[in-house]
Every structure is written in structure tokens, then in C-alpha cells.
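Architecture at a glance
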Amino acid sequence: MMTRRQKIIKLLEERDYSVSELAVLLEMRGKGSKKAILEDLKAISNIVKREGKVLLIQPAQCRKCGFVFRPEIKIPGRCPKCRSEWIEEPRFKIEAL
């Protein structure tokens, strides 16, 4: 039986996913599911580094004005430029160095 983090690593090695997509694939529902996955991603970043891999982050982007956020392991709530809450989540992928 694989742990949740092992499942996330396996998925991210295949292709890129957003936090919401990972929550659906892992059948996680409820208020804290995205937060739990974000915490897992922070730990996974360190785990894969030890294995000679890297967690790539495609930054979040405002769908209204196109503002690109910093590549961070978090989901922004509002665009600082236009104040829109229509934000495309960051996407994550694991690749070998």
C-alpha cells in the first residue's frame, strides 16, 4: 500500500497536475484537502531533491488580466493587479535533474 505522498510523487513523475486535480485523483474531499496536498508538496520537494530530481512549478496566473504569480507552493486567493479571484492554480511536475 502506497502512502499519499508516494502516490503524488508517482503521478507528478508522469505529467503536471494542479492541486485540485490531485485532490480528485486521490479522492480527497472536504475543506482541508487542498491544504493537506500543499503541505505534502512542500515535503515532496525535499524528498525528490534527495533523489536527484526537482519539483517544477508552473506559477499561478490571473485569468482576467494575465498577471503571473511567483512560482510558490501555494494557491493565491486574489490578483494583486486587478483584484480578481479568477485565478488559475499553479501546476506541479517532477523531473530528473
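What you see is a predicted model, and the numbers here were worked out from it, not measured in a lab. (Residues numbered from 1 in each chain as written. Predicted model: local features only at pLDDT ≥ 70, side-chain atom pairs only at ≥ 80, totals over all residues. Heavy atoms only, no water.)

**Some remarks on the pattern of salt bridges**
Side chains that differ in charge, positive against negative, can pair when their charged atoms come close. Using the following cut-off: Between Lys or Arg on one side and Asp or Glu on the other, a salt bridge is scored when a side-chain nitrogen of the former is within 4 Å of a carboxyl oxygen of the latter. Where helices and strands are cited, they refer to DSSP runs of H or I of at least four residues and of E of at least two residues respectively, numbered from the N terminus. Whether a residue is buried, partly exposed or exposed follows from its accessible area with a 1.4 Å probe, protein chains only, as a fraction of its type maximum: under 20%, in between, or over 50%, in that order.
Considering all chains together, one arrives at eleven salt bridges under this definition. The partner of Asp 40 in a salt bridge is Arg 5, with the nearest N and O atoms 2.9 Å apart. Of this pair, Asp 40 sits in helix α3 (residues 33–50) while Arg 5 is found in helix α1 (residues 4–14), placing the two residues 35 residues apart along the sequence. Arg 5 gets classed as partly exposed once you look at its relative accessible area, which sits at 34%. In this structure, the salt-bridge partner of Arg 70 is Glu 72, at a minimum N-O distance of 4.0 Å. The exposure class assigned to Arg 70 is exposed, which follows from its relative accessible area of 63%. Residue Glu 72 is classed as partly exposed on the basis of its relative accessible area, which comes to 28%. Connected through shared salt-bridge partners, Arg 4, Arg 5 and Asp 40 make up one network.

**Considerations on the packing of aromatic side chains**
Our working definition: Two rings from Phe, Tyr or Trp (for Trp, the six-membered ring) form a pair when their centres sit within 6.5 Å of each other. Planes less than 30 degrees apart are called stacked, planes more than 60 degrees apart edge-to-face, and all others tilted.
The final tally for this structure, using the stated rule, is one aromatic pair. Aromatic side chains Phe 67 and Phe 69 sit 5.0 Å apart centroid to centroid with 90° between the ring planes, which places their arrangement in the edge-to-face category. Given the relative accessible area of 28%, Phe 67 is considered partly exposed.

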